[in-house]
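Residue-level listing of the chains:
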Amino acid sequence: MRLWPVVFSRVSARYHYAAPLPASQISSSSPAVLSQLSPDLTVQPDFITAEEEAALCRELEPVFRKKRYESGHWDDAIHGFREVERLHWSPDSSAVIQRVREKAFPPGENQLSLVHVLDLQKDGYIKPHVDSVKFCGSTIAGICLLSSSVMRLVSVDDPGERADLLLPRRCLYIMSGVARYKFTHEILRNEESSFNGVPVPRERRISVICRSLPLS
């Protein structure tokens with residue numbers, strides 16, 4: 001059973017975007033791609049501290065210890081993963097989740113109460129996909145734990161138009177609009193993981209993701 005929060009009204013998901021991503025965080029195939037994506041992407045490095053990361057992992061580890069890594073997702077998008085949806089958190093972790101919500105969503109934005117937690121093993125990966133509108137709305141916001149990674153976005157209409165997004169460990173990333181629905185996104189495999197020609201070694205990666213409510 002899904003539990004929905006009390007909501008008041010929907011407002012623009014672009015509430016949190018203040019400036020285009022710098023070249024140190026995004027590498028695109030053309031200025032046009034950067035122009036399309038910039039309003040709908042943000043990355044905030046060091047959004048959480050090492051101590052907060054450790055506390056989140058301590059809380060999640062007993063949950064994941066009971067699960068096996070799976071080789072395929074229902075839509076074949078994720079390989080080498082474990083996942084849970086979590087409602088109840090410790091006070092310290094709840095404070096971190098609340099910071100994510102306050103940063104990513106404007107007041108009154110409809111949000112899913114359940115937080116999606118995805119554990120991707122070192123050799124796991126997320127294949128190119130466009131998120132289903134059945135399970136979450138226009139905005140997702142995730143914290144990256146344990147490892148940096150590279151997210152690749154590729155235009156649905158023109159596969160030659162693409163961008164790589166550097167997601168450093170302990171960052172917060174926020175995606176909405178065009179970045180979610182006009183581009184596929186993927187987390188590169190360890191052997192492919194590089195940014196501007198510099199390797200970005202992939203270790204086990206846990207992402208803690210808050211989502212807006214589906215429109216229907």
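Remember, predicted model here, so these are calculated numbers, not experimental data.

**Comments concerning the state of the cysteines**
- The full count for this structure, using the stated rule, is 0 disulfides.
- With no disulfide of its own, Cys171 lies 3.8 Å from the sulfur of Cys144, the closest cysteine sulfur.

**With respect to the packing of helix α2 (residues 50-65) against helix α3 (residues 91-104)**
- In contact at an axis separation of 9 Å, α2 and α3 are set at 115 degrees when each is read in the N-to-C sense. It follows that α2 is roughly perpendicular to α3 by the angle criterion. In this structure, α2 meets α3 at a crossing whose hand is left-handed. Of α3, the residues touching α2 (which contributes Glu52, Ala55, Leu56 and Glu59) are Ser93, Val96 and Arg99.

**A look at the side chain of Arg205**
- Position of Arg205 among the secondary structure elements: in strand β12 (residues 205-211).
- One buried charged residue, Arg205, forms no salt bridge at all, with the nearest opposite charge on Asp119 at 9.2 Å.
- Only 3.1 Å separates the side chain of Arg205 from the side chain of Ser149, close enough to count as a polar contact.
- Not counting residues within four places of it along the chain, the set of residues in contact with Arg205 comprises Leu118, Asp119, Leu120, Cys144, Leu145, Ser147, Ser149, Leu167, Tyr173 and Ile187.

**So, the nonpolar core**
- The biggest cluster of nonpolar side chains holds 29 residues, and the ones touching the most others in it are Leu37, Leu41, Leu153, Leu165 and Leu167.
- What Leu165 contacts, discounting residues up to four positions off in sequence, is Leu21, Gln25, Ile26, Leu41, Val43, Ser149, Val150, Met151, Leu153 and Phe195.

**Points about the confidence of the model for the protein**
- In this model, the protein carries an average pLDDT of 88, and 88% of its residues clear a pLDDT of 70 or more.
- Segment residues 1-14: pLDDT under 50, and 35 contacts once partners within four positions in sequence are set aside and those in other chains are kept.

Rules of the game
- Sequence positions are assigned chain by chain, starting from 1 and proceeding in written order.
- The predicted nature of this model means local features are confined to residues of pLDDT at least 70 and side-chain atom pairs, given and counted, to a pLDDT of 80 or more, with totals for whole chains, interfaces and linings taken over all residues.
- For the side-chain quantities, the full set of heavy atoms in the structure was used; hydrogens and water were omitted.
- Cysteine sulfur atoms are paired as a disulfide whenever they come within 2.5 Å of each other.
- For helices, the fitted line uses only the C-alpha atoms of the stretch in contact; every axis is such a line through C-alpha atoms, and the angle between N-to-C directions lies from 0 to 180 degrees.
- By definition, any uninterrupted DSSP run of H or I lasting at least four residues is a helix, any uninterrupted run of E lasting at least two residues is a strand, and each is numbered from the N terminus.
- Throughout, the term roughly parallel applies to angles under 35 degrees, roughly antiparallel to angles over 145, roughly perpendicular to angles from 65 to 115, and oblique to all others.
- Here a crossing is taken to be left-handed if its near helix is turned anticlockwise relative to the far helix by less than a right angle, and right-handed if that turn runs clockwise.
- Any pair of residues with heavy atoms lying within 4.5 Å of one another is described as a contacting pair.
- Only protein chains enter the area calculation, which uses a 1.4 Å probe; residues under 20% of their type maximum are buried, those over 50% are exposed, and those in between are partly exposed.
- By the counting scheme adopted, Arg and Lys are positive, Glu and Asp are negative, and His together with the chain ends is not counted.
- Salt bridges are counted wherever a side-chain nitrogen of Lys or Arg sits within 4 Å of a carboxyl oxygen of Asp or Glu.
- Two N or O atoms form a polar contact when they lie within 3.5 Å of each other; inside protein one atom must be a possible hydrogen donor and the other a possible acceptor, and for residues adjacent in sequence the pair counts only when both atoms belong to side chains.
- In this description, a nonpolar core means a group of buried Ala, Val, Leu, Ile, Met, Phe, Trp, Tyr and Cys residues linked to one another through side-chain atoms lying within 4.5 Å.
- pLDDT gives the predictor's per-residue confidence on a scale running from 0 to 100.

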